[in-house]
Amino acid sequence: MECVFGMVGKGFALVVADSSAVNSILVHKSNEDKIMVLDSHKLMGASGEAGDRAQFTEYVQKNVALYQYRNMIPLTTKAAANFMRGELATALRKNPYMVNIVLAGYDKETGPSLYFIDYIATLHKVDKAAFGYGSYFALSMMDRHYHPNMTVDEAIKLADQCIEEIRSRLVVAPQNFIIKIVDQDGAREHSWRRTTKD
Amino acid sequence: MLGCYSRMVEAGSFVDHSSLRSIQVAGFFWFFTSQSQHFFFLFKMSRRYDSRTTIFSPEGRLYQVEYAMEAIGNAGSAIGILSKDGVVLVGEKKVTSKLLQTSTSTEKMYKIDDHIACAVAGIMSDANILINTARVQAQRYTFSYQEPMPVEQLVQSLCDTKQGYTQFGGLRPFGVSFLFAGWDKNYGFQLYMSDPSGNYGGWKAAAIGANNQAAQSMLKQDYKDDISREEAVQLALKVLSKTMDSTSLTSDKLELAEVFLSSSGKVKYQVCTPDALSKMLVKYGVTQPPAEA
């Protein structure tokens, strides 16, 4: 029951993901970091098939880094999102990656942005996005309480409300969550929300 | 036998692949005959290294690449000038028959993408292949990233293609030089020059084709860093008129194109109409105004 969600605020974007690594009924670990720092100003929260998740996210991260080494300039969030979508689309009808991604980035010219990328290569630029069973609760909560240009505190409060809903209403709710933020100063870990220590 | 073989390779300069094979057959006696051949070939050493593009000469030159550049030196010239609000490309047309359909096609200037254009000097059929390659590369980038391809990346990519023809495959290099003019959000207006070797450089002003040395030195004298687009047009026309072979300059012998930002902020590539070009030539004193009847 993996869960990833995100939202855009005033000058920043937030990505929240659960941190459980599960195999059938066994929880391998509850401190798995599923939000990869793609480059200095991009975050990529990924959920789905564990092997595909690691493979695809690392592949994208290395290609983004290669672009920067070759061309001396970083990719914009939009370009990275479209590159990812293209890779998923190319693999889709042969050997699909079962990974869902929420991509958050900050560009100097265009500010913060959030992209919803499905495992079947759907791409949408959005203000709020969520994947997994938790999305039923997170999206409803965000639909009710989200407004544009929220401050960091307001956004964190909304994220907490979403986490609370997931914890109380989802039958096999993940125990711990990680929150990461990206703004003009870069992408970094914000905080954890734990119920178990691992 | 082995001793002679190694001697041959050491003496090196006049031994090519076929000679080495014949050593293995003829053996010892080859050594003596080759000594006299060496004397005979001393003046025409380069002739042995022309035939294949993908080998170095003993002086470390790639003759096919240099011959390609010679071919371009006989072609119609083109000049590019970078100004603070645009890039200007001017080309000399070699084919000026009245019978030519000039309304739609251009001889020297080509649009690669909405934000990149190029001027060409050299073998036109070679140029067409490369222009198509450049267009495909630009679209492929936009397909992947949904953004226009940065100008330098396009030039680099095309030059990598050209370099391939100097290192493997056994095919001759392309006999074309390009002047690329474009705009992107990283570096604004840019001008690049590339040649058959696959080398490229970013320039403030550059010339390719016939008399490019003379044009380049003239540009060096008169170019100023804060030149405006209009001044750049004037400078380009002036320099071209001085370096062109023909006695009088008329609008049907030239092509002028500009890359600039329109008022809405979009990149525009505009080829000057012959009428507007004639007026400009008169205005800048490059041609005499038609005598009043």
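Heads up: these notes are all about the structure in this document. (Residues numbered from 1 in each chain as written. Chains lettered and ligands numbered in written order. Predicted model: local features only at pLDDT ≥ 70, side-chain atom pairs only at ≥ 80, totals over all residues. Heavy atoms only, no water.)

1. A look at the overall build of chain A
Worth spelling out the cut-off: Secondary structure elements follow DSSP: runs of H or I no shorter than four residues count as helices, runs of E no shorter than two count as strands, and numbering proceeds from the N terminus. The atom set for the radius of gyration is the C-alpha atoms, and the globule formula is 2.2 Å times the number of residues raised to the power 0.38. The cut-offs for exposure are 20% and 50% of the maximum accessible area for each residue type, with area from a 1.4 Å probe on protein chains only; residues under the lower value are buried, those over the upper are exposed, and the others partly exposed. Here, Shrake-Rupley sampling with a 1.4 Å probe gives the accessible areas, and only protein chains in the shown set may cover a residue. We treat Lys and Arg as the positive residues and Asp and Glu as the negative residues; His and chain ends play no part in the count. Taken as the charge centre is NZ of Lys, CZ of Arg, CG of Asp or CD of Glu, depending on the residue.
Helices and strands together make up the secondary structure of chain A, namely 4 helices and 12 strands. Taken over the C-alpha trace, chain A has a radius of gyration of 16 Å; the compact-globule value for 198 residues is 16 Å, and the two agree within 12%. For chain A, the spread of C-alpha atoms along the three principal axes comes to 45 × 40 × 30 Å. For chain A, the residues scored as buried account for 50% of the 198 residues in total. Surface accessibility of chain A: about 9800 Å² in total, with carbon and sulfur atoms responsible for 50%. Separation between the mean location of the 23 positive side-chain charges and that of the 23 negative ones in chain A comes to 2 Å.

2. Section: the sheet that holds strand β11 (residues 177–183) of chain A
Residues and elements named next belong to chain A. Test applied: Any two strands are treated as partners once DSSP identifies two or more bridges connecting them. The convention used is that axes are lines fitted to C-alpha atoms, helices contributing only their stretch in contact, and that angles between N-to-C directions extend from 0 to 180 degrees.
Spatially, 5 strands are ordered β10-β1-β2-β11-β12 in an open sheet, and the strand pairing comes out antiparallel. Each edge of the open sheet is held by one strand with a lone partner, namely β10 (128–131) and β12 (186–193). With direction set aside, neighbouring strand axes in the sheet form an average angle of 15 degrees. As paired strands, strand β1 (residues 4–8) and β10 are joined by 4 bridges and run antiparallel to one another. Bridging across to β10, valine 4 finds its partner in phenylalanine 131.

3. Re helix α4 (residues 152–169) of chain A
Residue and element names in this part refer to chain A. To keep it simple, the criterion reads: Expected helix span is taken as 1.5 Å per residue step, with the number of steps being one fewer than the number of residues. Note: the arc covers the axis-to-C-beta directions of the helix. Contacts between residues were defined by any pair of non-hydrogen atoms, one from each residue, lying within 4.5 Å.
If you check α4, its first and last C-alpha atoms are 26 Å apart, about what 18 residues at 1.5 Å a residue would give, namely 26 Å. Within α4, the full set of buried residues consists of Ala155, Ile156, Leu158, Ala159, Cys162, Ile163 and Ile166. Taken around the axis of α4, the buried residues stretch over an arc of 160 degrees, which confines them to a single face. Exposed residues pointing more than 90 degrees away from the buried face of α4 are listed as Asp153, Lys157 and Arg169. Those residues of α4 that are buried are in contact with β1, β2 (12–18), α3 (134–145), β11 and β12.

4. Here's the deal with unusual backbone geometry
One non-glycine residue, alanine 121 of chain A, adopts positive backbone phi at about 65 degrees. Position of alanine 121 of chain A among the secondary structure elements: in the loop between β8 (111–117) and β9 (123–126). Alanine 121 of chain A sits in the buried class, given a relative accessible area of 9%. Its identity as a non-glycine residue notwithstanding, asparagine 211 of chain B has a phi of 55 degrees, on the positive side. Residue position: asparagine 211 of chain B is located in the loop between β8 (205–208) and α7 (212–222). Here asparagine 211 of chain B falls in the partly exposed class, since its relative accessible area comes to 35%.

5. Topic: the packing of helix α8 (residues 229–243) of chain B against helix α9 (residues 274–283) of chain B
Residues and elements named next belong to chain B. Operational definition: Throughout this description, any angle smaller than 35 degrees is read as roughly parallel, any larger than 145 degrees as roughly antiparallel, any in the 65 to 115 degree range as roughly perpendicular, and the remainder as oblique. Gly is put with the polar residues, along with every residue not named as nonpolar or charged; the nonpolar set is Ala, Val, Leu, Ile, Met, Phe, Trp, Tyr, Cys and Pro, and the charged set is Asp, Glu, Lys and Arg.
The N-to-C vectors of α8 and α9 enclose an angle of 80 degrees; their axes lie 10 Å apart at closest approach. Relative to α9, the element α8 is oriented roughly perpendicular. Contacts from Glu230, Val233 and Leu237 of α8 reach α9 at Leu277, Met280, Leu281 and Lys283. Its residues assigned to classes, the contact of α8 with α9 shows 5 nonpolar, no polar and 2 charged.

6. Let's talk about the pattern of salt bridges
Defined as follows: Whenever a carboxyl oxygen of Asp or Glu lies within 4 Å of a side-chain nitrogen of Lys or Arg, that contact is scored as a salt bridge.
Throughout the structure, instances matching the rule amount to 18 salt bridges over all chains. The residue glutamate 32 of chain A makes a salt bridge to arginine 53 of chain A at a minimum N-O spacing of 3.3 Å. On the criterion of sequence distance, the pair formed by glutamate 32 of chain A in the loop between β4 (26–29) and β5 (35–39) and arginine 53 of chain A in helix α1 (residues 50–71) is long-range, its members being 21 residues apart. In this pair, the class of glutamate 32 of chain A matches that of arginine 53 of chain A, namely buried. The salt bridge involving glutamate 258 of chain B is made with arginine 229 of chain B; its shortest N-O contact spans 2.8 Å. Of the two residues, glutamate 258 of chain B sits in strand β9 (residues 254–261) while arginine 229 of chain B sits in helix α8, which places them 29 residues apart along the sequence. Classification of glutamate 258 of chain B by relative accessible area gives buried; the value is 13%.

7. Remarks on the interface of chain A and chain B
For the record, the criterion: Buried area: the accessible area, evaluated with a 1.4 Å probe, that two parts lose upon being put together, summed over both parts. Residues adjacent in sequence count toward polar contacts only when both atoms are side-chain atoms; beyond that, a polar contact is any pair of N or O atoms within 3.5 Å, and within protein one must be able to donate a hydrogen and the other to accept it.
In this complex, chain A contributes 10 residues to the contact, which on the side of chain B involves 10 residues. Note on chain A versus chain B: buried area summed over both sides is about 930 Å², and carbon and sulfur give 52% of it. Considering only the surface of chain A that becomes buried against chain B, Tyr67, Ile73 and Asn82 of chain A emerge as the three largest contributors, covering 40% of it. Linking chain A with chain B are 0 salt bridges, by the criterion used here. For the pair chain A and chain B, the interface holds 5 residue pairs in polar contact (both at pLDDT 80 or more). Of all the secondary-structure elements, those providing two or more residues to the side of chain A that touches chain B are α1 and α2 (77–92) of chain A. In terms of residues, the side of chain A that touches chain B owes the most to one element, α2 of chain A, which gives 4 residues. Looking at the side of chain A that touches chain B residue by residue, the class counts come to 6 nonpolar, 3 polar and 1 charged.

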